Amino acid sequence: MARMRKKADLPTKICVTCGKPFTWRKKWERVWDEVRYCSDRCRADAKRARPDAQS
Ligand SMILES: [Zn+2]
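Since the structure is predicted, the reported quantities are computational estimates derived from the model, not experimental observations.

**Topic: the coordination of the zinc ion**
Stage number 1. Looking at the zinc ion, one finds its protein donor set to be Cys15 (SG), Cys18 (SG), Cys38 (SG) and Cys42 (SG), positioned 2.3 Å from the metal centre.
Stage number 2. Every donor counted, the 4 donor atoms about the zinc ion form angles of 101 to 117° at the centre, which fits tetrahedral coordination.
Stage number 3. Positions of the donor residues of the zinc ion along the chain correspond to the pattern C-x2-C-x19-C-x3-C.

As structure tokens, this is what we get:
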């Protein structure tokens, strides 16, 4: 668990849908503050499950 320090200290977040940590990606460099999901799939699932989740 303490061995997740490989990827050059990239920032990480916890996906609000699946609860798993995910790592900063190049495509998010401009929107990182707004990113809450690890993938498009989780974002879609979140919207489907609770359309009025925290916005
Ligand atoms: Zn996720």
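**Let's talk about the environment of Arg25**
Stage number 1. Structurally, Arg25 can be placed in the loop between strand S2 (21-23) and helix H1 (40-49).
Stage number 2. Looking at Arg25, the relative accessible area reads 37%, which means it is partly exposed.
Stage number 3. Looking at Arg25, its side chain comes within polar contact range of the main-chain oxygen of Cys38, at 3.4 Å.

**Side note on the pattern of salt bridges**
Stage number 1. Under the criterion given, the structure shown has 3 salt bridges.
Stage number 2. The residue Glu29 makes a salt bridge to Lys26 at a minimum N-O spacing of 3.4 Å.
Stage number 3. For the salt bridge of Arg43 with Asp40, the shortest nitrogen-to-oxygen distance reads 3.0 Å. Remark: Asp40 and Arg43 occur in helix H1; sequence separation between them is 3 residues, near one turn of the helix.
Stage number 4. By relative accessible area, which is 41% here, Arg43 ends up partly exposed.

**Quick notes on the packing of aromatic side chains**
Stage number 1. Scanning the entire structure with this criterion turns up 3 aromatic pairs.
Stage number 2. Pairing Phe22 with Trp32 gives two aromatic rings, centres 5.9 Å apart and planes at 75°, and the pair type is edge-to-face. Remark: Trp32 occurs in the loop between S2 and H1 and Phe22 occurs in strand S2; sequence separation between them is 10 residues.
Stage number 3. We classify Phe22 as buried; its relative accessible area is 4%.
Stage number 4. Taking relative accessible area as the criterion, Trp32 reaches 13% and is therefore assigned buried.

Scoring rules and cut-offs
Residues numbered from 1 in each chain as written. Predicted model: local features only at pLDDT ≥ 70, side-chain atom pairs only at ≥ 80, totals over all residues. Heavy atoms only, no water. Donors = N, O, S within 2.8 Å, 3.2 Å for Na, K, Ca; no water. Tetrahedral: all angles 85-135°; square planar, octahedral: opposite > 155°, others 65-115°. Helix = DSSP H or I, 4+ residues; strand = E, 2+ residues; numbered from the N terminus. Buried < 20%, exposed > 50% of the residue type's maximum accessible area, 1.4 Å probe, protein only. Polar contact = N/O pair within 3.5 Å; in protein donor to acceptor, adjacent residues only side chain to side chain. Salt bridge = Lys/Arg side-chain N within 4 Å of Asp/Glu carboxyl O. Phe/Tyr/Trp six-rings, centres within 6.5 Å; stacked < 30°, edge-to-face > 60°.

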